[in-house]
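Chain by chain, the residues run as shown.
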Amino acid sequence: MFILIKGDFIGRDALIKQKAEGIKRKLCTFVLIDGDDFTQIYGGEAVYHEGKVLTRVRSGGYGFTIKKNILYAYLPTELAKQGNRFTVDLIEGRREAEVTASVLFDSKGERARA
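(A) Highlighting the overall build of the protein. Scanning the protein from N- to C-terminus turns up two helices and six strands. Walking the protein from its N terminus toward its C terminus, one meets helices and strands in the order α-β-β-β-β-β-β-α. Expressed as a percentage of its 114 residues, the buried residues of the protein come to 30%. The long-range fraction of contacts in the protein, counting pairs at least 24 apart against all pairs at least 6 apart in sequence, stands at 58%. Split by element, the accessible area of the protein, about 7800 Å² in all, is 53% carbon and sulfur.

Here you go:
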């Protein structure tokens with residue numbers, strides 16, 4: 001990590017410690033799997049795993065080109081695998097979400113033209 005050789009700065013010791021211990025969580029992309037309807041996502045919603053709050057949504061919104069609700073949350077690295085499902089506590093109630101590809105991209109533009 002080239003930034004660590006630039007001298008002293010606030011947070012340097014924490015970065016060195018994190019590098020030595022390894023990454024423990026990963027920012028993951030989720031999509032709601034039960035429906036393509038527009039759902040309001042504010043951020044801060046609870047994400048459940050095995051009935052317990054595991055983390056909170058950091059950001060989210062409706063992806064008009066893919067016609068799905070997209071959410072972002074940090075997960076422990078052992079759970080940050082595409083296809084894993086979690087329950088999210090949204091304003092409309094609890095909904096199922098699935099970890100998906102980091103980038104949701106319609107390379108051929110098929111959905112945008114539909």
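(B) Quick peek at the pairing of strand E2 (residues 46-49). Across four bridges, E2 lies against strand E3 (residues 52-63) in antiparallel orientation. By the bridge assignment, Tyr48 is partnered in E3 with Val53. In sequence, E2 turns back onto E3 through a hairpin of two residues, with Glu50 there showing a positive phi of about 55°. Bridge analysis of E2 against strand E5 (residues 85-90) gives two bridges, and the strand direction is antiparallel. When the bridges of E5 are listed, Val47 appears paired with Val88.

(C) Representation of unusual backbone geometry within the structure. Within the chain, Glu50 stands out as a residue other than glycine whose phi angle is a positive 55°. You will see that Lys67, though not glycine, has its phi angle at about 55°, which is positive. Tracing the chain through its elements places Lys67 in the loop between E3 and strand E4 (68-76).

(D) Just the nonpolar core, in detail. Ranked by size, the top nonpolar core spans 16 residues in total, and within it Phe30, Leu71, Leu75, Phe86 and Val88 carry the most contacts. If you list the elements that add at least two residues to this core, you get strand E1 (25-32), E4, E5 and strand E6 (93-99). The residues touching Leu71, leaving out its near neighbours within four places in the chain, are Cys28, Thr29, Phe30, Leu32, Ile41, Val57, Ser59, Gly60, Val88 and Leu90.

(E) Highlighting the environment of Val53. Inspection of the secondary structure puts Val53 in strand E3. By relative accessible area, which is 46% here, Val53 ends up partly exposed. For the pair Val53 and Val88, spaced 35 residues apart in sequence, the C-alpha to C-alpha distance is 9.3 Å. Non-local contacts of Val53, meaning those with residues more than four positions away in its chain, are made with Ala46, Val47 and Tyr48.

(F) Spotlight on the pattern of salt bridges. Enumeration according to the criterion identifies four salt bridges in this entry. A salt bridge links Glu21 to Lys24, with the shortest nitrogen-to-oxygen separation between them at 3.2 Å. Residue Lys24 is classed as exposed on the basis of its relative accessible area of 55%.

(G) Geometry of the packing of aromatic side chains. Going through the model one piece at a time under the given rule, you end up with three aromatic pairs. Centre to centre, the rings of Tyr62 and Phe64 are 4.8 Å apart; their planes meet at 75°, and the pair counts as edge-to-face. The rings of Phe38, Tyr62 and Phe64 are connected pair by pair, giving a single aromatic cluster. Residue placement shows Arg94 over the ring face of Tyr48; its charged tip is 3.9 Å from the ring centre.

(H) Representation of the sheet that holds E5 in the model. Taken in spatial order, the six strands of this closed barrel run E1-E4-E3-E2-E5-E6, and their pairing is antiparallel. The sheet shows a mean angle of 40° between the axes of neighbouring strands, taken without regard to direction.

Conventions and cut-offs
- Residues numbered from 1 in each chain as written.
- Predicted model: local features only at pLDDT ≥ 70, side-chain atom pairs only at ≥ 80, totals over all residues.
- Heavy atoms only, no water.
- Helix = DSSP H or I, 4+ residues; strand = E, 2+ residues; numbered from the N terminus.
- Buried < 20%, exposed > 50% of the residue type's maximum accessible area, 1.4 Å probe, protein only.
- Contact = heavy atoms within 4.5 Å.
- Areas by Shrake-Rupley, 256 points an atom, 1.4 Å probe, with all protein chains shown as cover.
- Pairing = 2+ DSSP bridges.
- Core = buried A, V, L, I, M, F, W, Y, C linked by side-chain atoms within 4.5 Å.
- Salt bridge = Lys/Arg side-chain N within 4 Å of Asp/Glu carboxyl O.
- Phe/Tyr/Trp six-rings, centres within 6.5 Å; stacked < 30°, edge-to-face > 60°.
- Lys NZ or Arg CZ within 6 Å of the ring centre and 35° of its normal.
- Axes fitted to C-alpha atoms, helices over the stretch in contact; angles between N-to-C directions.

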